[in-house]
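# Working through the structure, step by step
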Amino acid sequence: RILMEEPEYHWALRLFAFTMVGSMATMLFYGGHEMDGVLAAGLGLLVGLCDLYGQYNDTFSRVNDFVCAFLCAFISRLVHTYVLPESTCYFSVALGPLVYLLPGFSTTTGVTEVASGSVM
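Described in the following lines is the structure provided in the data block. Every residue gets a number counted from 1 within its own chain, in the order that chain's sequence is written. For this predicted model, a pLDDT threshold of at least 70 governs which residues receive local features, and a threshold of 80 or more governs which side-chain atom pairs are given and counted, while totals over whole chains, interfaces and linings are taken from all residues. The basis for the side-chain values is all heavy atoms of the structure; hydrogens and waters are excluded.

### Some words on a nonpolar patch on the surface
- On the surface, Val63, Phe66, Phe70, Phe74, Ile75, Leu78, Tyr82 and Val83 cluster together to form a nonpolar patch covering roughly 840 Å² of accessible area.
- Secondary structure is summarised from DSSP: a helix means a run of H or I of at least four residues, a strand means a run of E of at least two, and numbering begins at the N terminus for each. Structurally, Phe66 can be placed in helix H3 (residues 58-83). In this scheme, patches are assembled from residues that exceed 30% relative accessible area and form no salt bridge. Like charges are connected within 9 Å, while nonpolar side chains (Val, Leu, Ile, Met, Phe, Trp, Tyr) are connected within 5 Å. The Shrake-Rupley method, run with a 1.4 Å probe, gives the accessible areas here. Residue values count only the displayed protein chains as cover. A pairing counts as a salt bridge when a side-chain nitrogen of Lys or Arg comes within 4 Å of a carboxyl oxygen of Asp or Glu.

What follows is the structure in structure tokens.
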């Protein structure tokens, strides 16, 4: 019965949320700058599109997290290496859009930094 219900939020609002989460997580959690936030917003939109597609395709929903992580890492590395090497951080751009898919990752990273004493 739950699977047959209509989504609670409109698809456009969900895409906007993925875009904003990717951008803001990059700048807040991972110390990214403005250009990192812009790139992560685009990758967040891509992750949101993959997530929406996974709702309608059961086969893709099983590999959605892997595909999103691979695309984010690949695209952010390409941009960092060939397009904007001086003004982007590969780590923050790659991980920011994935925060929504990996809900415990930010908490685990934060606790690890506090425990090791390397808080910025």
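So much for the structure itself; the text now carries on.
### Notes on the nonpolar core
- We call a set of buried residues a nonpolar core when its members are Ala, Val, Leu, Ile, Met, Phe, Trp, Tyr or Cys and they connect through side-chain atoms within 4.5 Å of each other. Between buried and exposed lies partly exposed: a residue is buried under 20% and exposed over 50% of the maximum accessible area for its type, with that area taken using a 1.4 Å probe on protein chains only. Residues Phe18, Leu43, Val47, Cys50, Phe60, Cys68, Cys72, Val93, Leu98 and Leu101 constitute the largest nonpolar core, which totals 10 residues.
- Residue contacts are defined here by distance: any two heavy atoms, one from each residue, within 4.5 Å place the two residues in contact. Filtering out sequence-adjacent residues up to four positions away, Cys68 remains in contact with Val47, Cys50, Leu98 and Leu101.

### Some thoughts on the side chain of Ser76
- Within the secondary structure, Ser76 is located in helix H3.
- In this structure Ser76 comes out as buried when scored by relative accessible area, which is 3%.
- Within the structure, the side chain of Ser76 is placed 2.7 Å from the backbone oxygen of Cys72, a separation counted as a polar contact.
- Side-chain atoms alone can form a polar contact between residues adjacent in sequence; in general such a contact is a pair of N or O atoms within 3.5 Å, and within protein one must be able to donate a hydrogen while the other accepts it. Polar contacts involving the side chain of Ser76 include one to the main-chain carbonyl oxygen of Ala73, which spans 3.2 Å.

### Focus on the packing of aromatic side chains
- Only Phe, Tyr and Trp rings are paired, with Trp represented by its six-membered ring, and only when their centres lie within 6.5 Å; those with planes under 30 degrees apart are stacked, over 60 edge-to-face, the remainder tilted. Overall, the coordinates contain four aromatic pairs when judged by the stated rule.
- Ring centres 4.4 Å apart and planes at 65° place the aromatic pair Phe18 and Tyr100 in the edge-to-face group. Placement of Phe18 in helix H1 (residues 11-28) and of Tyr100 in the loop between helix H4 (90-95) and helix H5 (105-116) is noted, with a sequence separation of 82 residues between them.
- Three or more aromatic residues joined by ring pairs form one cluster here, namely Phe66, Phe70 and Phe74.
- Sitting above the plane of the Tyr90 ring, Arg77 keeps its charged end 4.9 Å from the centroid. The rule for a charge over a ring is simple: NZ of Lys or CZ of Arg within 6 Å of the ring centre, and within 35 degrees of the ring normal.

### Comments concerning the side chain of Asp36
- Residue position: Asp36 is located in helix H2 (residues 34-56).
- Among buried charged residues, Asp36 stands out as having no salt bridge; its nearest opposite-charge side chain is Arg77, 12 Å away.
- Engagement of the side chain of Asp36 in a polar contact is seen with the backbone nitrogen of His33, the distance being 3.0 Å.
- Once residues lying within four places of it in the same chain are set aside, the contact partners of Asp36 are Thr26, Ser87, Thr88, Cys89, Ser92 and Val93. The charge count includes Lys and Arg as positive and Asp and Glu as negative, but it does not include His or the ends of the chains.

### Here we look at the packing of H1 against H2
- Between H1 and H2, the least distance of the axes is 7 Å, while the angle of their chain directions is 140°. For H1 against H2, the interelement crossing comes out right-handed. Lines fitted to the C-alpha atoms define the axes, with helices restricted to the stretch that makes contact. Angles between their N-to-C directions range from 0 to 180 degrees. The crossing is said to be left-handed when, going from far helix to near helix, the turn is anticlockwise and less than a right angle, and right-handed when the turn is clockwise.

### Observations concerning the pattern of salt bridges
- The full count for this structure, using the stated rule, is one salt bridge.
- Salt-bridge contacts for Arg14 lead to Asp51; the nearest nitrogen and oxygen are separated by 2.7 Å. In this pair, Arg14 sits in helix H1 while Asp51 sits in helix H2, placing the two residues 37 residues apart along the sequence.

Shape descriptors only; they carry no functional weight alone.
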